[in-house]
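Architecture and fold: a report
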Amino acid sequence: MASGFGKIVVGTYVEIKRSDGRIHQAMVTSLNEDNESVTVEWIENGDTKGKEVNYQLFPLVAACAQFFYCNE
C-alpha cells in the first residue's frame, strides 16, 4: 500500500472537477508511487472514463480526500 497518499486508498470516492466546471464522484482505482499520481474512474453516459492525476499538484487532497481537478 502506498503510504504517501494520506487518507486516499484504492476504493476511496473523491469528487473531481472537470475542465468544463462539472463536479462528480470518481473512484480511486490505483495509487502510483513511481510517478506520484492517482488514477480515478467514473461512469459517464454508460461508459467508464478514467484519468491519471498528478498527486503532487493537489496538496490538500491528502488532508480532505475530496477534490481533484481534471483537465481534459
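Rules and cut-offs
- Residues numbered from 1 in each chain as written.
- Predicted model: local features only at pLDDT ≥ 70, side-chain atom pairs only at ≥ 80, totals over all residues.
- Heavy atoms only, no water.
- Helix = DSSP H or I, 4+ residues; strand = E, 2+ residues; numbered from the N terminus.
- Buried < 20%, exposed > 50% of the residue type's maximum accessible area, 1.4 Å probe, protein only.
- Contact = heavy atoms within 4.5 Å.
- Areas by Shrake-Rupley, 256 points an atom, 1.4 Å probe, with all protein chains shown as cover.
- Salt bridge = Lys/Arg side-chain N within 4 Å of Asp/Glu carboxyl O.

As for the overall build of the protein chain
For the protein chain, the helix and strand inventory stands at 1 helix and 5 strands. Beginning at the N terminus, the succession of helices and strands in the protein chain can be written as β-β-β-β-α-β. Counting every position in the protein chain, which comprises 72 residues, the buried fraction comes to 33%. In the protein chain, of all internal contacts separated by at least 6 residues, the share reaching a separation of at least 24 is 34%. On the protein chain, roughly 4600 Å² of surface is accessible, and the fraction owed to carbon and sulfur atoms is 48%.

Thoughts on the environment of Lys49
Note on placement: Lys49 falls in strand β4 (residues 47–54). Along the sequence, Lys49 and Ala26 sit 23 residues apart, while their C-alpha atoms lie 9.2 Å from each other.

So, unusual backbone geometry
Of note, the phi angle at Glu36 is positive, near 50°, even though the residue is not glycine. The topology assignment puts Glu36 in the loop between β2 (23–32) and β3 (37–44). Of note, Asn45 is a non-glycine position whose phi angle comes to about 55°, a positive value. Residue class for Asn45 comes out exposed when judged on its relative accessible area of 77%.

Focus: the pattern of salt bridges
Going through the model one piece at a time under the given rule, you end up with 2 salt bridges. Across the salt bridge formed by Arg22 and Asp20, the nearest N and O atoms sit 2.8 Å from each other. We note a salt bridge from Glu44 to Arg22, for which the minimum N-O separation is 3.8 Å. Of this pair, Glu44 sits in strand β3 while Arg22 sits in the loop between β1 (13–17) and β2, placing them 22 residues apart in sequence. We classify Glu44 as buried; its relative accessible area is 17%.

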